[in-house]
Amino acid sequence: MIKSEVEVVDENAMKRALTRITYEIIEQNKGIENLILVGIKTRGIYLAKRIAERMQQLEGVAVPVGELDISLYRDDVHTSEDREPEVKGTDIPVSIEGKQVILIDDVLYTGRTIRAALDALMDIGRPGKISLAVLVDRGHRELPIRADFVGKNIPTSLEEQIKVAVEEIDGADHVMIQKLT
C-alpha cells in the first residue's frame, strides 16, 4: 500500500537530465562513431530513443537504438509450470561486435537488472565496451555495478520506491518517490 507520493523530477528536469547524459556520452566517447544505444525494456527504450534523437540534433548522425528484453536472464524470476516469464523480445538493429554499447535504463537500484542485461548482451555478441546510463540512481546496490552516466542521484530508504513515468507509456514525464507502508 502506498502511503505517500512526491514528485522529485518534473518534465523539464527530466529533459535537462537526458540532455546532460547525451552531452556526457558524446564527450566521453569523443563523438558518436561506433556507438549503439540499447534500452532495457520497457522505459529504458524510450529514454534511449530520446537520447538518440538529441544526438542526431547535435551531431547530425543517427545512432542505432536497440531494445533489450532481459526477462529470461533475471535471477528473481523462477520458471515453473504455473508461471513462465513473459518474453517481450529483443531487437538490436545492428551487430554489437566491437561497438561502444551504451546500456540505458530508468532506475539503478540493486544492480540485478543490469547484471541480467550484461548477460543478455554477451549472448548477442562481444561489444568493444559497455557503458551504463541511468535516469535515476537510488542506491542500495547488491552487486558491484555503477552507472557511467547518471541523470539524478536520489537517495532512498528501503521503504520507498522510485517510479519513472514517460510520456509514451504513462502520459507524462516525471519521477516520483512513493513511501510504502
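If you're wondering where the values come from, they're calculated on a predicted model, not measured in any experiment.

S.K.: Give me the overall build of the protein chain: which residues, what numbers.
M.R.: Along the backbone of the protein chain there are four helices and eight strands. Listing each helix as α and each strand as β along the protein chain from the N terminus yields β-α-β-α-β-β-α-β-β-β-α-β. Taking 16 Å as the expected radius of gyration for a compact globule of 181 residues, we find that the protein chain reaches 16 Å, a close match to that expectation. The dimensions of the protein chain, computed from C-alpha atoms along their principal axes, are 50 × 45 × 30 Å. For the protein chain, the proportion of its 181 residues judged to be buried stands at 41%. A sequence separation of at least 24 residues applies to 70% of the contacts in the protein chain between residues at least 6 apart. Looking at charge distribution, the protein chain has the averaged site of its 24 positive side-chain charges lying 4 Å from that of its 32 negative ones.

S.K.: Explain the UniProt feature "short sequence motif: PRPP-binding" (unreviewed entry) in the protein chain residue by residue, including any values.
M.R.: When the UniProt feature table is mapped onto this chain numbering, "short sequence motif: PRPP-binding" (unreviewed entry) sits at residues 101-113. What you have in residues 101-113 is 15% helix and 62% strand, and the ends, taken at the C-alpha atoms, are 16 Å apart.

S.K.: How would you sum up the environment of Ile-169? Please name residues and give values.
M.R.: Along the chain, Ile-169 falls in helix α4 (residues 167-170). Since its relative accessible area comes to 38%, Ile-169 is described here as partly exposed. Between the C-alpha atom of Ile-169 and that of Arg-43, which follows or precedes it by 126 residues, the distance is 8.1 Å. Not counting chain neighbours up to four residues away, the residues in contact with Ile-169 comprise Thr-42, Arg-43 and Tyr-46.

Thresholds, definitions, all that
- The written sequence of each chain sets the order in which its residues are numbered from 1.
- Totals for whole chains, interfaces and linings use all residues, but because this is a predicted model, local features are given only for residues with pLDDT of at least 70 and pairs of side-chain atoms are given and counted only at 80 or more.
- Hydrogens and water are ignored here; the side-chain numbers use all heavy atoms of the structure.
- Runs of H or I in DSSP of at least four residues are treated as helices and runs of E of at least two as strands, each being numbered from the N terminus.
- Only the C-alpha atoms count toward the radius of gyration. The rule for a globule is 2.2 Å times the residue count to the power 0.38.
- Type-normalised accessible area, obtained with a 1.4 Å probe on protein chains alone, sets the label of each residue: buried when under 20%, exposed when over 50%, and partly exposed for intermediate values.
- Only heavy atoms enter the contact rule, under which two residues are in contact if any of them lie within 4.5 Å.
- Only four residue types enter the tally: Lys and Arg on the positive side, Asp and Glu on the negative side, with His and both chain ends excluded.
- In this description, the location of a charge corresponds to atom NZ of lysine, CZ of arginine, CG of aspartate or CD of glutamate.
- UniProt positions are given in the numbering used here, feature names are shortened, and annotations may be inferred rather than shown by experiment.

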